[in-house]
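# Observations on chain architecture
Letter by letter, the chains look like this.
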Amino acid sequence: MKRILLTGAKGMLAHDFMESQKERFEIIPFDRDYLDITDIQQVEQRVQESQADIILNCAAYTNVDGAEDTGKKMNLDINVLGVFNLAKIANRQNIDFITLSTDYVFDGTKEGGYNENDEQNPINNYGLAKYLGEKLACEVNPQSIIVRTSWLYGGGNEHKNFVNTMLKLSETRNELRVINDQFWSPTYVMDLSQALWDIIGNIDTFRGKILHLSNETSNNGITWFDFASEIFKMADRKINLTPCTTEEYQTKAVRPKFSKMNNNSSVQMRNWKEGLREYLSKP
Ligand SMILES: NC(=O)c1ccc[n+]([C@@H]2O[C@H](COP(=O)([O-])OP(=O)(O)OC[C@H]3O[C@@H](n4cnc5c(N)ncnc54)[C@H](OP(=O)(O)O)[C@@H]3O)[C@@H](O)[C@H]2O)c1
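It should be emphasised that the depicted structure is a prediction, and the values quoted were computed from it without experimental measurement.

Once that is clear, we can look at the overall build of the chain. On a plain count of helices and strands, the chain comes out with nine helices and ten strands. A compact globule built from 283 residues should have a C-alpha radius of gyration of about 19 Å, and the chain, at 18 Å, falls within 12% of that. For the chain, the residues scored as buried account for 52% of the 283 residues in total. If you take every contact in the chain between residues at least 6 apart in sequence, the share linking residues at least 24 apart comes to 81%. Carbon together with sulfur atoms contributes 46% to the accessible area of the chain, which is approximately 13500 Å² in total.

Written as structure tokens, this is what we have:
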């Protein structure tokens with residue numbers, strides 16, 4: 001039986017990955033209290049004692065706006081140093097290493113979707129840290145598997161996500177303004193978890209590769225406005241949605257305009273509407 005050491009075990013992706021547990025694999029989940037990925041000695045000790053075959057890194061600093069000010073240092077510590085530590089120890093102990101990255105490593109100027117080897121040029125601190133994390137992981141451990149994904153929704157009640165936020169708002173509001181000029185693909189975390197299991201099950205094929213895994217969208221992808229419209233349609237909620245621009249909704253971090261990613265790998269991701277339908281049908 002293969003053993004998977006899972007970091008960031010209290011996070012959204014880790015939650016669904018554990019829910020989708022497969023036979024033949026044992027998951028050893030470590031939350032931040034037990035394994036802080038910024039502490040290389042702790043990483044080495046935990047990896048050794050777990051006798052893991054694979055490290056799946058779901059730990060991250062994910063507050064994109066926070067990374068611009070109060071979370072600047074944490075963003076670098078966790079998303080750069082933390083990823084470097086894991087990649088280095090995985091390499092030293094000769095075990096597999098999978099880590100998650102983001103569409104925010106791109107600058108958002110390319111329409112039609114980014115390919116895995118397209119040039120990266122992050123435009124906010126979170127994207128920069130994830131880019132540096134990727135780069136260092138590949139340098140210190142060329143067998144690292146990098147999975148870039150975008151706009152996750154799923155997890156348990158304790159995890160915030162856009163779908164639940166929209167549904168909650170529709171209980172108290174008749175109107176909402178939603179950004180309609182940033183284009184990307186959403187990702188149902190259960191679908192991403194299934195894709196991670198596909199990678200783990202055929203890990204020989206994926207060592208040293210970068211993968212783009214989000215639910216499938218056509219053309220340039222969809223906007224927050226498109227996503228919100230579909231959520232309310234599927235959930236049968238009546239609410240007036242008005243499209244607005246990024247300029248009207250200022251945030252601390254600049255976000256890429258076009259960040260859809262093309263998946264050129266053998267790992268299949270279904271259409272975004274199918275994932276959303278399944279998520280909404282859950283009790
Ligand atoms: N969410 C998205 O929309 C999105 C989009 C693109 C890519 N991604 C990437 O996908 C991955 C999973 O994201 P997610 O949404 O599941 O993240 P998440 O819910 O924010 O979970 C991240 C987890 O990492 C833990 N963590 C933070 N610092 C740590 C440390 N030093 N050592 C160990 N654990 C630590 C956090 O614990 P605390 O809560 O205690 O801090 C949290 O439980 C990340 O790599 C993220 O960058 C996410």
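Before going further, it helps to spend a moment on the sheet that holds strand E5 (residues 145–149). As summarised here, the arrangement of the six strands in space is E2-E1-E3-E4-E5-E9, forming an open sheet in which the pairing is parallel. Since the sheet does not close on itself, it has two edges, and those belong to strand E2 (25–30) and strand E9 (210–212), each with one partner. Across this sheet, the average inter-strand angle for adjacent strands is 20 degrees, counted without regard to direction. Across four bridges, the pairing between strand E3 (residues 54–57) and strand E4 (residues 96–102) is parallel. Its bridge partner lying in E4, Ile55 is registered against Phe97. Against the sheet, helix H3 (residues 72–92) makes contact with strand E1 (2–7), E3 and E4, and its axis sits at roughly 160 degrees relative to E4, the strand it touches most. Where helix H4 (residues 125–140) meets the sheet, it contacts E4 and E5, and its direction lies at approximately 160 degrees from that of E4.

Turning next to the state of the cysteines. As enumerated under the stated definition, the model contains zero disulfides in all. There is no disulfide at Cys138, and the cysteine sulfur nearest it, in Cys58, is 17 Å away.

A few words on the pairing of E4. Buried residues dominate E4, accounting for seven of its seven residues. Judged by which residues are buried, E4 turns out to be covered on both faces: Asp96, Ile98, Leu100 and Thr102 on one side and Phe97, Thr99 and Ser101 on the other are all buried. With respect to chirality, the unit in which E3 leads through H3 into the neighbouring parallel E4 is right-handed. Sheet topology places E4 next to E5; five bridges connect them, and they run parallel. Its bridge partner lying in E5, Leu100 is registered against Val147. At this point the chain moves from E4, through H4, to the parallel E5, and the crossover so formed is right-handed.

Cut-offs applied
Along each chain, residue indices are assigned from 1 in the same order as the chain's sequence is written. Only residues with pLDDT of at least 70 are given local features in this predicted model, and only at 80 or more are side-chain atom pairs given and counted; all residues enter the totals for whole chains, interfaces and linings. The side-chain quantities take in all heavy atoms of the structure and omit both hydrogens and water. Segments assigned H or I by DSSP are reported as helices when at least four residues long, segments assigned E as strands when at least two residues long, and all are numbered from the N terminus. Only C-alpha atoms enter the radius of gyration; for comparison, a globular chain is expected to reach 2.2 Å times N to the power 0.38, where N is the number of residues. Residue exposure (1.4 Å probe, protein chains only): buried if accessible area is under 20% of the type maximum, exposed if over 50%, otherwise partly exposed. Residues count as neighbours in contact if any of their non-hydrogen atoms are within 4.5 Å of one another. Computed with a 1.4 Å probe, the accessible areas rest on the Shrake-Rupley method; for each residue, only the protein chains presented here act as cover. Think of it this way: DSSP has to see at least two bridges between two strands before they count as a pair. In this analysis an axis means a line fitted to C-alpha atoms, helices contributing only their contacting stretch, and an angle means the value between N-to-C directions, from 0 to 180 degrees. Whenever a pair of cysteine sulfur atoms sits within 2.5 Å, that pair is classed as a disulfide. Crossovers are marked right-handed if the path from the first strand over the helix to the second runs clockwise, as seen with the strands pointing away from the viewer.

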